[in-house]
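Chain by chain, the residues:
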Amino acid sequence: MIGLISATAAGAAARDRLAAAWPDRTRVYEGPVADAVRRAFGECTQLVCFLATGAVVRLVAPLLSGKASDPGVVCVDEGGRFAVSLVGGHGGGANELARVVGRLLGAEPVVTTATDAVGVPGLDTLGMPVEGDVAGVSRALLDGEPVALELESAWPLPALPVNVGAGVPGAGPTIRVTDRLTGVAGAGEVVLRPPSLVVGVGASKGAPVDEVLALVRGALADAGLSVASVAALATVDAKADEPGIVGAAERLGVPVVTYSADELAGVEVPNPSDAPLAAVGTPSVAEAAALLGGGELLVPKRKSERADGAPAMATCAVVRRTGRGRLAVVGLGPGARDLLTPRAEAELRRASVLVGLDQYVDQIRDLLRPGTRILESGLGAEEERARTAVAEARKGHAVALIGSGDAGVYAMASPALAEASDDIDVVGVPGVTAALAAGAILGAPLGHDHVSISLSDLHTPWHVIERRVLAAAEADIVVTFYNPRSRGRDWQLPKALAILGAHREPSTPVGVVRNASRPDESSRVTTLAGLDPATVDMMTVVTVGNTATRNIAGRMVTPRGYRWQEEAR
């Protein structure tokens, strides 16, 4: 929950805008400001104070206890010009909160955390528990000192600065990524705990939380493994609501993953048993649940021990799963920076490898973290870029494959997913398409059913394209043409317009948008009879209305067909 505190009418107005945008995430604190801050500090994970930074400093100073537990605090000035990350930049999420608040209120985010200020990922922002000398190693990163990176296995880390590497010599600052217990990290050493361990758990009905938790912790400790690397507890569906398992997962801060008895019965395990077979229909719960997603069995099934000598009520097994590479297929939108989604920006910062067309890379190069490896190529190498991105992900890297508009619409998602298998994680990040960007400029041409058709016959035979255009014409659907005309393809657009013209009036509105959302954007609304195909090129999107589309005040409008619209005519 985010606590919102203000002291003046101007602050309250901005506060209320934030509360309206996040009704389920925020709570407004009224009353004297000092009391409001004190209550919010104790009840919320984050605070946004519409007050002067000096006032907030004085109010929260007596409340601070430690960066691991303090809420993140953001200050917004009375004029709404700045959103300042004041306390808990990383641990409390104040840096990201300042950026999001800034976007919502039109304020400039102010982040002074050293790593964020220069684009270096904070060691406590990599999505893993971190131990050791975070401040000392971060200082070495910022100062450009050689920092060693020790990876027990490949893990999809974000880009790290060029002074970090596996081949860095000497015994200087070190980042170690391991799930093994290594003792207390010393000066100049940071240990990152990857979520590499899955603990399979079986439990009798009514097994106490303490018994399950003690079993899990003991099994990990005896194997020299860190509890901070546990990604999940896994069990059979029938035990999904077992209080002992659910409670243990809550205390460990991990989810419970469940499988059907049939799925578990198909897993070969070293220690099957008749007891679970009779109880839930599978000869193994703990080992099978841990192994079902693959990995190395580090701790075979073991039973809990009870002080009173009574029969054990829980079993567990531990499996290590290697880090899977991650491929994010990112749509950059039509070109304008403010139409690039926050999720796309986050994926670009998360990637250690970027693959893309050179002109698209240039659009977002400034958003990449220092140390990001860029693999760019020119026009016509889509399949090669897709293969490269998948290959890099298979090496265990965090990869971003970029495309314009939405990556799934005439872009990179299709060839990439055709290459990818289930050995990597794939994430799709949607973007604003050229059709949507053009539609917003033209008015509301896509207000009813519509279809997008590419007129490029480089990958699709023309007779197939022609059949699709004819189907759209006969169905009276608004059509957006992508790739309408190039130097080597100058007859397809006239042919497609002629097909539509056989089913629509010459006065049918047609919208032409070139370089939508970019500085040299141009647009016009004409008619099916009035469009000159020679004025169209590959940077243009052509939208042809249906029989209901109208030109209203110079804008294309395709009505939804609501009754009030019919009555208004």
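So, here is what we can say about the structure in this document. (Residues numbered from 1 in each chain as written. Predicted model: local features only at pLDDT ≥ 70, side-chain atom pairs only at ≥ 80, totals over all residues. Heavy atoms only, no water.)

### Here's the deal with the overall build of the protein chain
We apply this condition: Each helix is a run of DSSP H or I of at least 4 residues and each strand a run of E of at least 2, with the numbering of both proceeding from the N terminus. Per-residue accessibility, obtained with a 1.4 Å probe over protein chains only, is compared with the maximum for each type, and a residue is labelled buried under 20%, exposed over 50%, and partly exposed between these values. In what follows, a contact means two residues having at least one pair of non-hydrogen atoms within 4.5 Å. In short, Shrake-Rupley with a 1.4 Å probe defines the accessible areas, and a residue's cover is counted only from the protein chains shown. The sign given to each residue is positive for Lys and Arg and negative for Asp and Glu; His and the chain ends receive no count. Here the site of a charge means atom NZ of a Lys, CZ of an Arg, CG of an Asp or CD of a Glu.
Scanning the protein chain for helices and strands turns up 19 helices and 29 strands. Its C-alpha atoms give the protein chain principal-axis dimensions of about 90 × 65 × 60 Å. Relative to its 569 residues, the protein chain shows a buried fraction of 47%. If you take every contact in the protein chain between residues at least 6 apart in sequence, the share linking residues at least 24 apart comes to 66%. Summing over all exposed atoms, the protein chain offers an accessible surface of approximately 26,100 Å²; the carbon and sulfur share of this is 53%. Here the protein chain contributes 53 positively and 64 negatively charged side chains, and the mean placements of these two sets differ by 3 Å.

### Section: the packing of aromatic side chains
Using the following cut-off: What counts as a ring pair is set by centres within 6.5 Å for rings of Phe, Tyr and Trp (its six-membered ring), and what kind of pair is set by the plane angle: stacked under 30 degrees, edge-to-face over 60, tilted for all other angles.
A complete count under the given rule lists two aromatic pairs for this structure. Seen in terms of ring centroids, Trp462 and Trp491 are 5.0 Å apart; in terms of plane orientation they differ by 70°. Their pairing is edge-to-face. Here Trp491 lies in the loop between β24 (478–482) and α18 (492–501) and Trp462 lies in helix α17 (residues 462–474), a separation of 29 residues in the sequence.

### Notes on helix α14 (residues 382–394)
Here is the rule: In a helix, the anticipated span is given by 1.5 Å times the number of residues less one. Throughout, the arc means the angular range of directions from the helix axis out to the C-beta atoms.
Compared with an ideal rise of 1.5 Å per residue, which puts 13 residues at 18 Å, α14 spans 19 Å between its outermost C-alpha atoms and is within 8% of the ideal. Turning to α14, its buried residues are Arg385, Ala386, Ala389, Val390, Glu392 and Ala393. Considered in projection along α14, the buried side chains sweep an arc of 160° and stay on one side of the axis. Buried residues belonging to α14 abut β17 (326–331), β18 (353–357), β19 (373–377), β20 (398–403) and α15 (413–419). In the segment just after α14, Gly396 is the residue with positive phi, at about 100°.

### Some words on the pattern of salt bridges
To be explicit about the condition: Note on definitions: salt bridges are taken to be side-chain nitrogens of Lys or Arg within 4 Å of carboxyl oxygens of Asp or Glu.
Taken as a whole, this structure holds 29 salt bridges when the rule is applied. Notably, a salt bridge pairs Arg373 with Glu392, separated by 2.7 Å at the nearest N-O pair. Residue Arg373 is found in strand β19, and its partner Glu392 is found in helix α14; the two are separated by 19 residues along the sequence. Residue classification places Arg373 among the partly exposed positions, given a relative accessible area of 35%. Judged by its relative accessible area of 7%, Glu392 is buried. Through salt bridges with shared partners, a single network forms among Glu96, Arg99, Glu345 and Arg349.

### What to know about the pairing of strand β23 (residues 450–454)
As a reminder, the rule being used: Pairing between two strands is assigned when DSSP locates at least 2 bridges connecting them. Whether a crossover is right-handed comes down to one check: with the strands pointing away from the viewer, does the path from the first strand over the helix to the second run clockwise; if it does, it is right-handed.
Of the strand pairs in this sheet, β23 and β24 are connected by five bridges, and their pairing is parallel. Within the sheet, the bridge partner assigned to Ser454 lies in β24 and is Tyr482. A crossover connection joins β23 to the parallel β24 through α17; in handedness this β-α-β unit is right-handed.

### Thoughts on the side chain of Glu347
Along the chain, Glu347 turns up in helix α12 (residues 342–350). Residue contacts for Glu347: discarding those within four places in its chain leaves Arg326, Ala328, Val330, Ala400, Val427 and Val429.

### A word on the sheet that holds strand β21 (residues 425–429)
Put simply, the rule reads: To get an axis, a line is fitted to the C-alpha atoms, and for a helix only the part in contact is used. The angle between two axes follows their N-to-C directions and goes from 0 to 180 degrees.
Taken in spatial order, the five strands line up as β19-β18-β20-β17-β21 in an open sheet, and their pairing is parallel. Looking along the sheet, the strands with just one partner apiece sit at the ends: β19 and β21. The sheet shows a mean angle of 15° between the axes of neighbouring strands, direction not considered. Where β18 meets β20, three bridges bridge the pair, whose relative direction is parallel. Bridging from a neighbouring strand, Val355 pairs with Leu401 of β20. Lying over the sheet, α12 contacts β17, β18, β20 and β21, oriented at roughly 140° with respect to β17.

### Thoughts on the sheet that holds strand β13 (residues 230–236)
Spatial ordering of the open sheet is given by β14-β13-β12-β16-β15, a layout of five strands whose pairing is mixed. Whereas interior strands pair on both sides, the edge strands pair on one side only; in this sheet they are β14 (256–259) and β15 (296–303). When strand polarity is set aside, the average angle formed by the axes of neighbouring strands in this sheet is 25°. Relative to strand β16 (residues 314–320), strand β12 (residues 197–203) runs antiparallel, the two being bridged by seven bridges. Following the sheet pairing, Leu197 is matched in β16 by Arg320. The sheet strands contacting helix α7 (residues 209–222) are β12, β13, β15 and β16, and the helix crosses β16 at an angle near 40°. Of the strands in this sheet, β12, β13 and β14 are in contact with helix α8 (residues 243–252), which crosses β13 at around 175°.

### Quick notes on the packing of α7 against α8
This is how it is decided: When an angle is under 35 degrees it counts as roughly parallel; over 145 it counts as roughly antiparallel; between 65 and 115 it counts as roughly perpendicular; any other value is oblique. Should the near helix be turned counterclockwise from the far one by less than a right angle, the crossing is left-handed, whereas a clockwise turn marks it as right-handed.
At a closest axis distance of 8 Å, the pairing of α7 and α8 adopts a crossing angle of 55°. Classified by the angle between their axes, α7 and α8 sit oblique to one another. In the packing of α7 onto α8, the handedness of the crossing is right-handed. Contacts from Val209, Asp210, Val212, Leu213, Val216 and Arg217 of α7 reach α8 at Pro243, Gly244, Gly247, Ala248, Arg251 and Leu252.

Any link to function would need more than the numbers given here.
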